[in-house]
Amino acid sequence: RILKHGREAVVSTQSTGEAFKSDKCTKKEAIQFLQDNANVKFLQDLKLFGKLAAIAKGSSKDKVLGALEKFEADPEARKAEGDDDMNAALEATKALKLKEAEDKKAEKEAAKEEALASAEKVGFTKKILKKGKTHMKPDKGSVVAVWYTGKLEDGTVFDSNVENARKKERKALKFKVGTGLVIRGWDEALLTMCYGEKAEITIEPDWAYGKKGNPEAGIQPNTTLIFEVELETPVNIGV
């Protein structure tokens, strides 16, 4: 005889198995017997741990009969005195799964916020004035030669290597692009240009001189800048 919910169960594993074979007890009743009398590890190993209705629906007759036979043959499968009952075990499992779900949700939210932060708004717009002579573009760190005129939004020219010097004295500005030697708007925009291309680049304050501005050049804080830029084609690139 096996103690069941504080009272003696008149049914044994053997009689339950026989009753189940002869259809004198239902599959649900057989699983209930195991859940009442087997320990949690046994039930988990045989995938009989959980809500009775769901387990009964997903278990075949052969599976339940096999479980009854294993239970009968294995004394260690029986629930020992002091073991948590099924309801307590189910609640613990439910709480664990809930915590895991909450942790996963928190991880997804953190990843989403990180992705949004990394997908920073591009701080410039570009309008092509003349297409390049080639589809080739400069790589980050390569030396570029640039002709430019910088203007404020009201049309005031604040810098130029085209207009502010005699033709014979004019020189293209050369530097390694994408390395932080110029304002970010230039670095990023020039990497999108083809050699020989001429474009108008409008750069937002954060990608220009930001809150500090550049007083020496007549650029006030938080000023949008407009550049007409032409990217020279290197002599070693055939067009």
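Residues numbered from 1 in each chain as written. Predicted model: local features only at pLDDT ≥ 70, side-chain atom pairs only at ≥ 80, totals over all residues. Heavy atoms only, no water.

Residues with a pLDDT of 70 or more make up 86% of the protein chain, whose mean pLDDT is 85. This stretch, residues 1–11, has a pLDDT under 50; its non-local contacts, to residues over four places away or in other chains, come to 17 contacts. (pLDDT = per-residue confidence, 0-100. Contact = heavy atoms within 4.5 Å.)

As a further point, take the environment of Ala77. By secondary structure assignment, the location of Ala77 is in the loop between α5 (61–73) and α6 (86–118). When the C-alpha atoms of Ala77 and Asn39 are compared, they prove to be 5.8 Å apart, with 38 residues separating the residues in sequence. Residues within four places of Ala77 in sequence aside, it is in contact with Asn37, Ala38, Asn39, Phe42 and Phe71. (Helix = DSSP H or I, 4+ residues; strand = E, 2+ residues; numbered from the N terminus.)

This brings us to α5. For α5, spanning 13 residues, the distance from its first C-alpha to its last is 19 Å, which sits close to the expected 18 Å at 1.5 Å a residue. Taken together, the buried positions of α5 are occupied by Val64, Leu65, Ala67, Leu68 and Phe71. Buried positions in α5, seen along its axis, are confined to an arc of 155 degrees and lie on one side of it. Across from the buried face of α5, at angles greater than 90 degrees, the exposed residues are Asp62 and Ala73. (Expected span 1.5 Å × (residues − 1). Buried < 20%, exposed > 50% of the residue type's maximum accessible area, 1.4 Å probe, protein only. Arc of directions from axis to C-beta.)

Evaluation of the coordinates by the stated rule reveals seven aromatic pairs. Pairing Tyr148 with Trp186 gives two aromatic rings, centres 5.1 Å apart and planes at 80 degrees, and the pair type is edge-to-face. Remark: Trp186 occurs in helix α7 (residues 184–190) and Tyr148 occurs in strand β4 (residues 143–151); sequence separation between them is 38 residues. Judged by its relative accessible area of 10%, Tyr148 falls in the buried class. With a centroid separation of 5.6 Å and an interplanar angle of 85 degrees, the aromatic rings of Phe158 and Phe227 are classed as edge-to-face. With a gap of 69 residues between them, Phe158 in strand β5 (residues 157–160) and Phe227 in strand β8 (residues 225–231) connect regions that are remote in the sequence. The burial state of Phe158 is the same as that of Phe227; both residues are buried. It is Arg78 that lies over the ring of Phe71; its NZ or CZ is 4.6 Å from the centre. (Phe/Tyr/Trp six-rings, centres within 6.5 Å; stacked < 30°, edge-to-face > 60°. Lys NZ or Arg CZ within 6 Å of the ring centre and 35° of its normal.)

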